[in-house]
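Single-letter residue listing:
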Amino acid sequence: MSLQTHKSRLPSPLAQVIKHYRDTFALTQEQLACDLNVDVRTLRRWENGETVLNDVRELRRIATLLGVEPERLGVTPSTYSTLTPEQLDSTIEHIWNLIEKARGYEANTLIDAFIKDINVQIDSEDPALLHRLAHTLHLAGYIKSMITRSNESTRALNYYAEMEQVAHLLQNDTLLNIALTYEGDMYARMGNVQKGIQYLEAARDTTPQADPSARGNGIQLLGRAYLRAQRIEDFERAMDEAEELANCIQPEKSSTRGQYSVGTVYEEYARSYSYLGQPQRAMDYLDKAEQSLATTKHWEILIKTARAMTLIHSREIKSGLALAIESFQLCRAHGTIRLMERIYSIQNYLDRMNRELSQAGTTLRETIDGPIEYPV
């Protein structure tokens, strides 16, 4: 075999990257072709080395959607330009779609690379570019909050704080509301509930021009924080308002990217009433939430974890435990670590219940085994 023949059979950089990406995230060629918006036969020819792609713009686009440096596809820095506004928008949309499919690990890989890309392009206070930066920071914060434990929320918090600064520059109440809302949610998640409430109330009170979706989302999360602080009447008022606003929006067009809707309000009610010891009411709301939410993997996992919690709290241990195990496996497989924490809370609840039962059993056993005193 000649050296020339051997070289011709080496896989191209694109073939290597595609194969590695599919192996890393366990994707079929059909799935990745759909993600890249190309025909599966085209992707197959690229991966098998049957077709060599030389279009620099297309290679640049693919690199962005796979979260890799263009140089890894054989593109030199001098031959490609910065991303166009359309490419920025399509990449943001692509990553949100990954979230809907509960492909958190991929989304995390892509957002880290995309943040670097868009920051390179920020060389002025161009409003259009700053808007896209704010949306990217929103996306980055959301992803980091989903794939980390509560005590690791600082990185998500930093993205939301940066988003707040950009929103102030743009004087955009909707973006500012979202930033303040999620900063508050991160503080509450890390255990500083009072500081979380301060941010969430600021989102409610200082952004009068925010759209209904942003305001409703913030008020729903404020209700969650009130419940953590045992402010039950404030919780109920906030949730009533959140439900009212949710009925006024179209989730697929909302500024919260569908993360707030009537369905999410119902799911919030369900978990809250489970916590408050009202399991039947919680189950009723879970059924309503499941009927209202889109049939995506993201919402499927959300509902399963909430249902597992409610069943356990209802003392339906066997069915609740089976669902908790299934939910944990889904969370681990799809990178929804934040939802996995619900399963940890179930374990903590069961441990506490076991301790209480053990103590009660010990007390009763001591009484039964003690001496019997007969009346004189």
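Quick note: structure is the one above.
Just so you know, these numbers come straight off a predicted model, no measurement behind them.

Hey, could you run me through a negative patch on the surface in this one?
On the surface, Glu233, Glu236, Asp240, Glu241 and Glu244 cluster together to form a negatively charged patch. Summarising the element assignment, Asp240 is placed in helix 13 (residues 232–246).

I keep staring at the pattern of salt bridges and nothing clicks. Help me out?
Enumeration over the complete set of coordinates arrives at 29 salt bridges. For Arg44, the salt bridge identified is with Glu30, shortest N-O distance 3.7 Å. Note that Arg44 is positioned in helix 4 (residues 40–48) and Glu30 in helix 3 (residues 29–36), a separation of 14 residues in sequence. Take Arg44: its relative accessible area is 30%, and that puts it in the partly exposed class. In this structure, the salt-bridge partner of Asp205 is Arg204, at a minimum N-O distance of 2.7 Å. Overall, the relative accessible area of 52% leaves Asp205 in the exposed class.

I would appreciate a short explanation of the packing of helix 12 (residues 212–228) against helix 14 (residues 262–275) in the present structure.
Two measures define how a pair of helices packs: the angle their axes make with one another and the distance between the axes. The geometry of helix 12 relative to helix 14 is characterised by a closest axis approach of 11 Å and an angle of 5° between their N-to-C directions. Classed by the angle they form, the pair helix 12 and helix 14 counts as roughly parallel. Two secondary-structure elements touch here, helix 12 through Gln220, Arg224 and Leu227 and helix 14 through Thr264, Val265, Glu268, Arg271, Ser272 and Tyr275.

What's the story with empty space enclosed by the protein in this structure? I'm lost.
Over the atoms rolls a probe the size of a water molecule, and its path tells where empty space is left. Counted by the stated rule, this structure contains two cavities of 30 Å³ or more. If you go around the largest cavity, the residues you meet are Ile99, Ala102, Arg103, Gly104, Tyr142, Ile143, Met146, Ile147, His298, His334, Gly335 and Thr336. When the residues that make up the lining of the largest cavity are grouped by side-chain class, the tally is six nonpolar, five polar and one charged. When its volume is computed, the second largest cavity comes out at roughly 40 Å³. The wall of the second largest cavity is formed by Arg61, Thr64, Leu65, Leu83, Gln87, Ser90 and Thr91. Across the lining of the second largest cavity, the residue classes tally to two nonpolar, four polar and one charged.

For this particular structure, what's the right way to read helix 2 (residues 13–25)?
It helps to recall that an α-helix has 3.6 residues per turn; residues three or four apart then point in one direction. The end-to-end C-alpha separation of helix 2 is 18 Å, in line with the 18 Å expected for 13 residues at 1.5 Å each. All buried positions along helix 2 are accounted for by Leu14, Ala15, Val17, Ile18, Tyr21, Arg22 and Phe25. Burial along helix 2 is one-sided: seen end-on, the buried residues are contained in an arc of 170°. Summarising the contacts, the buried residues of helix 2 are in contact with helix 3, helix 4, helix 5 (56–66) and helix 7 (104–121).

Sorry if this is basic, but what is going on with helix 16 (residues 297–313) here?
With 17 residues, helix 16 extends 25 Å between its outermost C-alpha atoms, agreeing within 8% with the 24 Å of an ideal straight helix rising 1.5 Å per residue. Counting buried positions along helix 16 gives 14 out of 17 residues, so the element sits mostly inside the fold. At the C-terminal side of helix 16, Arg315 shows a positive phi close to 70°.

Sorry if this is basic, but what is going on with the packing of aromatic side chains here?
In this description, an aromatic ring pair is defined by two values, namely the gap between the centres and the angle between the planes. For the structure on display, the rule yields ten aromatic pairs. Among the aromatic side chains, those forming a connected cluster through ring pairs are Phe235, Tyr266, Tyr269, Tyr273 and Tyr285. It is Arg281 that lies over the ring of Tyr273; its NZ or CZ is 4.0 Å from the centre. Its end group placed over the ring of Tyr266, Lys288 keeps NZ or CZ at 4.5 Å from the ring centre.

Mind showing me how you'd approach the side chain of Lys144 here?
When you line up the elements, Lys144 lands in helix 8 (residues 127–146). Taking relative accessible area as the criterion, Lys144 reaches 4% and is therefore assigned buried. There is a polar contact of 2.3 Å between the side chain of Lys144 and the side chain of Asn108. Excluding anything up to four places from it in sequence, Lys144 contacts Asn108, Ile111, Asp112, Arg155, Ala156 and Tyr159.

What is the right way to look at the layout of surface pockets in this model?
Its boundaries defined by the atoms lining it, the largest pocket holds a volume of some 1100 Å³. Around the largest pocket, the lining is made up of 38 residues, and of these Arg224, Arg228, Arg271, Arg338 and Arg342 lie nearest the centre. Within the residue set of the lining of the largest pocket, elements represented by two or more residues are helix 8, helix 10 (173–189), helix 12, helix 14, helix 16 and helix 18 (337–369). The element that contributes the greatest number of residues to the lining of the largest pocket is helix 18, accounting for ten residues. By residue class, the composition of the lining of the largest pocket is 14 nonpolar, twelve polar and twelve charged. Taken as a whole, the second largest pocket encloses approximately 290 Å³ of empty space. In terms of residues, the lining of the second largest pocket owes the most to one element, helix 6 (residues 85–100), which gives four residues. Here the residues of the lining of the second largest pocket are counted per class, giving five nonpolar, six polar and four charged.

Parameters and conventions
- Residues numbered from 1 in each chain as written.
- Predicted model: local features only at pLDDT ≥ 70, side-chain atom pairs only at ≥ 80, totals over all residues.
- Heavy atoms only, no water.
- Patch = residues over 30% accessible without salt bridge, like charges linked within 9 Å, V, L, I, M, F, W, Y side chains within 5 Å.
- Areas by Shrake-Rupley, 256 points an atom, 1.4 Å probe, with all protein chains shown as cover.
- Salt bridge = Lys/Arg side-chain N within 4 Å of Asp/Glu carboxyl O.
- Lys, Arg positive; Asp, Glu negative; His and termini not counted.
- Charge placed at Lys NZ, Arg CZ, Asp CG, Glu CD.
- Helix = DSSP H or I, 4+ residues; strand = E, 2+ residues; numbered from the N terminus.
- Buried < 20%, exposed > 50% of the residue type's maximum accessible area, 1.4 Å probe, protein only.
- Axes fitted to C-alpha atoms, helices over the stretch in contact; angles between N-to-C directions.
- Parallel < 35°, antiparallel > 145°, perpendicular 65-115°, else oblique.
- Contact = heavy atoms within 4.5 Å.
- 1 Å grid on protein atoms, 1.4 Å probe; cavity = no way out; pocket = protein on both sides within 12 Å on 5 of 7 lines; lining within 4 Å.
- Points joined across faces, edges and corners; volume = space filled by probe spheres on them.
- Nonpolar A, V, L, I, M, F, W, Y, C, P; charged D, E, K, R; others polar.
- Expected span 1.5 Å × (residues − 1).
- Arc of directions from axis to C-beta.
- Phe/Tyr/Trp six-rings, centres within 6.5 Å; stacked < 30°, edge-to-face > 60°.
- Lys NZ or Arg CZ within 6 Å of the ring centre and 35° of its normal.
- Polar contact = N/O pair within 3.5 Å; in protein donor to acceptor, adjacent residues only side chain to side chain.

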